[in-house]
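Residue strings, one per chain:
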Amino acid sequence: MAVQGKVEAVERLPGIGWVARGWAVDLEAPNEPVRLALAFEKGMLGEFKADLFHSELADAEAGRHGFAVKLPGELLDGRPHLIRILVRKDGTALAHDGEEIFFPQQLHGQIESLEHAALRGWAFNELAPNRSCLLDIEIDGRHVAMVPCDQPRSDLAGFLASDGRHGFRFPLPASVFDDRPHRVVIRFANTDRQLIGSPLKVRFPRGLLTARRQRLDRLVVERGVALEEALNALAVEPLRLIADPATYSAWLEHHEKAIETALASVGAQSGGRGGGHLGKPTVEVVPLPGPGAEVKEFAASMAGIPADAVVLLEPGARLHPAFLPLVQAALAEDGIGLIYSDEDSQGADGGRVLPHFKPGWDPDRYQAFPYVGFACAIARDCLRRAIALVTEAERPVDARAWAQAVVDTALLSAAPERVRQLPFVLYHRGPGSVEHLPRAVPERATRVQAHLDRIGAPADAELDGPERVRVRWRLPASPPPVTLIVPTRDRVDLLEACLESVLSKTTYPRYDIVVIDNDSREPATLAYLDGLARRPGVWVRRWPQPFNYAAMHNAVIAEIASPYVALLNNDVEVIEPKWLEEMMGHAIRPKVGAVGAKLLYPDGTIQHGGVLVGQHGAADAAQRVFARDEEGYFHSAMVVQNVSAVTAACLVCRRADYLEVGGMDAERFSIAFNDVDFCLKLRALGRRILWTPHALLYHHESATRQTGRSSEAQAHEQREVAALRVKWQTETFLDPFYSPNLTRGLQTHVDFNWPSLPAPAVEQA
């Protein structure tokens, strides 16, 4: 060819606009500028010369063979166009360094991450920076959604001098969780222009979806993407990554470093089987016999073990090299008698699966479900006492059942201060135990009852399904009176539903109700309140002051005479008639400071499963990913347990305890976190906080976080968050009743507690 040349770039130049630039030289007439033409798919757009200086062609007649042609308006209409630079004399096209398709670059966008199956990124139109872009999302060639880019992005606000609402997040639908690959494409609406990072391939195993995420996905599908609240909630809803072997394998790499740090802190070397170094407690590892092994011989050998502690190893199981050194270090502390660790199973492919991350020691929870299993070391005195108790009370069918009874009895009868947790995965069950074995065999209810009888507890144990035991705490013949306190302001629909459910369903024999009217104005509410005041056992206390949840409760509780109080929100409805018997049965127990209930959203998923202190740096309700009848993470949603706090939406406590800690903090926590602060003050006095799933109520709090709150309300909430963090150091608070290996994000019990890592990259197709 006589003419050589290239289109080097199509770019936007400040003060000029969009230009195509490059160079062209006619080898037959090197001193003459080449005449060129700009063309697109519909024809010619104009002619020009390659007569600009080009530094790389400076040796060719002073290098005046460059060009920079401004693109006309026909190419800037927001649609892709085929543009070519043609040599005028023969019609040949110059080569392009990039694609010949020109995308008008006022549209910018990128997929930044795919986290918990929610696509996140940004997009904007630089010619209209305060107008949200609309994106078209396609999966496997099928349109699935139109998503606005309206999430705040402060980093882009300054750059564009705009309001910064250029971010997007889109949760991939439940239909892609089928173990098959899917192709996802994101385009600017009404164009063929894709975002950077699109298309991408995704593949998600079955079983990663939580019940709550499936429910939210159904809402979006049934009602459409206009259901903004459900979409926003779905976009931050986590997956059940705890069940994903690949994610667990990646997490274990970081966990091993934590184990190494723990070993270094005790100055121990990885130990072998049993024994110990001079001066250290000795630990003997005893393999459990197979099914049918004789009890008498095995029991005699166990009773004669001279070591300071014993570990029983299930068939096929193995110990992590750090197990024994860390156990020895714990046993060296005065009074420690039982040490337990987290555990997992060995998969069929040799990998590790099904991690069981355990809470700190909780006698109530252990009575309901023996979550420790065999992953523990038992000191000699605890072991011999347990052997004696089992010998007196039980007749196990074989040596394995006997060993299980001994371990269970040792833990049931242990003083809480003698039990120590090692929050590391140090016990690995064999390949044949991929599914965790049932531990609450029928005779376990009898074993728990025997323990309760030994300590003189007025309680009855019964089986609650194939793996759990329920302990019912008996009330005295004349149960103590309790006052239910219900604050309200207007919203007579909520108040009436709450009170009528209480009055019609509650079977507890001695209660009255105080309704705190916080300056209601609506005629229907005032009429209902007037009617309430004439009903026996119901009182209306006027509080015509600015809303202060803590102050109004402090005032009323100071006035009443009942020895027990039950705080109840006006948006709560009773489900189970014996809810108050259940809560009062625990509330009258010694050292119990407060009792919380299992609260459900109207759709049946859990709204409150206890409060996790330290969650996302502050505190929040736990177990929201589970449905009403889901057992939760190793039965976490179905058993009575100690927690750090419970919500005041349904809370029972002693009036004397309430007054002893000064009630709720009306100055620092007038609206939020007053219940968390109250419970933590009770715990500081040595009181325990219990959550029971057997007191079941609805809570009509929004199933998603509110999105339309005023800036003043948000600022007030942030001040209370800051106050909680300062007072209780919640950003570093390690809740003793929740495993440090589980996430402290928006939802609990679904993901691992990861170290700070960069966001995962997306895979481009």
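Note that the structure is predicted; figures quoted are calculated from it, not measured.

Asker: Let's hear about the overall build of the chain: which residues, and what values?
Answerer: Secondary structure summary: the chain contains 17 helices and 38 strands in total. In terms of its C-alpha atoms, the chain occupies a principal-axis envelope of roughly 110 × 75 × 40 Å. The proportion of buried residues among the 765 residues of the chain is 55%. For the chain, the share of sequence-separated contacts (at least 6 apart) that also reach a separation of at least 24 residues comes to 71%. A total of about 33,300 Å² of accessible surface is found on the chain, and carbon and sulfur atoms cover 52% of it. A gap of 4 Å separates the mean positions of the 83 positive and 98 negative side-chain charges of the chain.

Asker: Can you explain the packing of aromatic side chains? Please cite residues and give values.
Answerer: Overall, the coordinates contain 17 aromatic pairs when judged by the stated rule. When the ring of F298 is compared with that of W402, the centres are 5.8 Å apart and the planes differ by 90 degrees; the resulting orientation is edge-to-face. Here F298 is found in helix α5 (residues 295–303), whereas its partner W402 is found in helix α9 (residues 399–412), with 104 residues between them in sequence. Neither F298 nor W402 differs from the other in exposure class; each is buried. Each member of the aromatic cluster is reached from another via a ring pair, and the members are Y248, W251, F357, F752 and W754. It is R444 that lies over the ring of Y366; its NZ or CZ is 5.2 Å from the centre. The ring centre of W473 lies 3.8 Å from the NZ or CZ of R589, which sits over that ring.

Asker: So what's going on with the side chain of D342? Residues and values would help.
Answerer: Looking at where D342 falls in the secondary structure, it is placed in strand β21 (residues 338–346). In terms of polar contacts, D342 uses its side chain to reach the side chain of N741, at 2.9 Å. In this view, D342 contacts H356, F357, K358, Q421, L422, P423, F424, V425, L426, Y427, S739 and N741; residues no more than four positions away in its chain are not counted.

Asker: Run through the sheet that holds strand β6 (residues 64–70), naming residues and quoting values.
Answerer: The strand order across the open sheet built from 5 strands is β5-β6-β2-β1-β8, with neighbouring strands paired in mixed fashion. The open sheet has two edge strands, β5 (52–53) and β8 (95–96), and neither has a second partner. Sheet topology places strand β1 (residues 3–13) next to β8; 2 bridges connect them, and they run parallel. Residue V7 lies in a different strand from β8, and its bridge partner there is H96.

Asker: Provide a residue-level description of the pairing of strand β28 (residues 511–517), including the pertinent values.
Answerer: Within a regular strand, the side chains alternate between the two sheet faces. Most of β28 is tucked away, with 5 of its 7 residues classed as buried. Bridging between strand β27 (residues 482–488) and β28 involves 7 bridges; their strand directions are parallel. Looking across to β28, one finds that P487 is bridged to I516. A crossover connection joins β27 to the parallel β28 through helix α11 (residues 492–505); in handedness this β-α-β unit is right-handed. The pairing of β28 with strand β29 (residues 538–542) spans 5 bridges and is classified as parallel. Among the inter-strand pairings, I516 is bridged to a residue of β29, identified as R541.

Asker: Could you give me a rundown of the sheet that holds strand β17 (residues 200–202), with the residues and numbers involved?
Answerer: What the 4 strands build is an open sheet, ordered β13-β12-β16-β17; its pairing is antiparallel. Of all the strands in the sheet, just β13 (142–148) and β17 have a single pairing partner and so form its edges. Across this sheet, the average inter-strand angle for adjacent strands is 30 degrees, counted without regard to direction. Here 5 bridges tie strand β12 (residues 134–139) to strand β16 (residues 182–188), and the two strands are oriented antiparallel to one another. Within the sheet, the bridge partner assigned to I139 lies in β16 and is V184.

Asker: Quick rundown of the nonpolar core? Include the residues and the values.
Answerer: Within the largest apolar cluster, 94 residues are counted, with the highest numbers of intra-cluster contacts made by F298, M302, L312, F357 and W402. Discounting residues that sit within four places of it in the chain, L312 has contacts with V286, L288, F298, M302, F374, C376, A403, V407 and Y427. Ranked by size, the runner-up nonpolar core spans 41 residues in total, among them V556, V643, V661 and F733.

Asker: Any chance you could break down the pairing of strand β22 (residues 352–356) for me, citing the residues and the numbers?
Answerer: Summarising burial for β22: 4 of the 5 residues are buried, a large majority. Sheet analysis places β21 next to β22, joined by 3 bridges and oriented antiparallel. In the sheet register, E343 faces β22, and the bridge partner there is H356. Linking β21 to β22, which pair antiparallel, is a turn of 5 residues; within it G350 sits at a positive phi near 90 degrees.

Asker: An account of the packing of α11 against helix α12 (residues 523–532) is requested, with residue identities and associated values reported.
Answerer: Contact geometry of α11 with α12 gives a least axis separation of 9 Å together with a crossing angle of 25 degrees. It follows that α11 is roughly parallel to α12 by the angle criterion. In this structure, α11 contributes V492, L495, E496, L499 and E500 to the contact, and α12 contributes A524, T525, Y528, L529 and L532. Along the lines of polarity and charge, the residues of the contact of α11 with α12 split into 7 nonpolar, 1 polar and 2 charged.

Asker: Please provide a residue-by-residue account of helix α6 (residues 323–331), values included.
Answerer: By the criterion of burial, α6 is predominantly enclosed, with 8 of the 9 residues buried. Along α6, the positions that sit buried rather than exposed are F323, L324, P325, L326, V327, Q328, A330 and L331.

Asker: Outline unusual backbone geometry, supporting the account with residue identities and numerical values.
Answerer: Cis peptide bonds are those with omega within 30 degrees of zero, and the linkage from S198 to P199 qualifies with 0 degrees. Mapped onto the elements of the fold, P199 is located in the loop between β16 and β17. Its identity as a non-glycine residue notwithstanding, D519 has a phi of 65 degrees, on the positive side. Secondary-structure assignment places D519 in the loop between β28 and α12. The exposure class assigned to D519 is partly exposed, which follows from its relative accessible area of 26%.

Asker: Got a sec to walk through the pattern of salt bridges? Specific residues and values, please.
Answerer: Two side chains that carry opposite charge are able to pair once their charged atoms sit near each other. For the structure shown, the criterion picks out 48 salt bridges. R21 is paired through a salt bridge with E8; the nearest N and O atoms lie 3.4 Å apart. A residue pair is termed long-range when its members are at least 10 positions apart, and R21 in strand β2 (residues 17–26) and E8 in strand β1 qualify at 13 residues. One salt bridge connects E559 with R541, and the closest N-O pair in it is separated by 2.6 Å. Residue E559 is located in helix α13 (residues 549–559), and its partner R541 is located in strand β29; the two are separated by 18 residues in the primary sequence. Because the salt bridges share partners, they merge into one network encompassing E314, E343, K358, R400 and R429.

Asker: Can you lay out the environment of A684 for me, pointing to particular residues and giving the numbers?
Answerer: In this fold, A684 is placed in helix α16 (residues 674–684). Linking A684 and V556, residues 128 residues apart in sequence, is a C-alpha distance of 24 Å.

Asker: Requested: an account of the side chain of D735, with residues and values cited.
Answerer: Along the chain, D735 falls in the segment after α17 (711–728). In this structure, D735 is buried with no salt-bridge partner, the nearest side chain bearing the opposite charge being R744 at 6.4 Å. Of note is the side chain of D735, whose polar atom sits 3.0 Å from the backbone nitrogen of V613. Within the structure, the side chain of D735 is placed 3.0 Å from the backbone nitrogen of F737, a separation counted as a polar contact.

Calculation notes
Residues numbered from 1 in each chain as written. Predicted model: local features only at pLDDT ≥ 70, side-chain atom pairs only at ≥ 80, totals over all residues. Heavy atoms only, no water. Helix = DSSP H or I, 4+ residues; strand = E, 2+ residues; numbered from the N terminus. Buried < 20%, exposed > 50% of the residue type's maximum accessible area, 1.4 Å probe, protein only. Contact = heavy atoms within 4.5 Å. Areas by Shrake-Rupley, 256 points an atom, 1.4 Å probe, with all protein chains shown as cover. Lys, Arg positive; Asp, Glu negative; His and termini not counted. Charge placed at Lys NZ, Arg CZ, Asp CG, Glu CD. Phe/Tyr/Trp six-rings, centres within 6.5 Å; stacked < 30°, edge-to-face > 60°. Lys NZ or Arg CZ within 6 Å of the ring centre and 35° of its normal. Polar contact = N/O pair within 3.5 Å; in protein donor to acceptor, adjacent residues only side chain to side chain. Pairing = 2+ DSSP bridges. Right-handed = clockwise from strand over helix to strand, strands pointing away. Axes fitted to C-alpha atoms, helices over the stretch in contact; angles between N-to-C directions. Core = buried A, V, L, I, M, F, W, Y, C linked by side-chain atoms within 4.5 Å. Parallel < 35°, antiparallel > 145°, perpendicular 65-115°, else oblique. Nonpolar A, V, L, I, M, F, W, Y, C, P; charged D, E, K, R; others polar. Salt bridge = Lys/Arg side-chain N within 4 Å of Asp/Glu carboxyl O.

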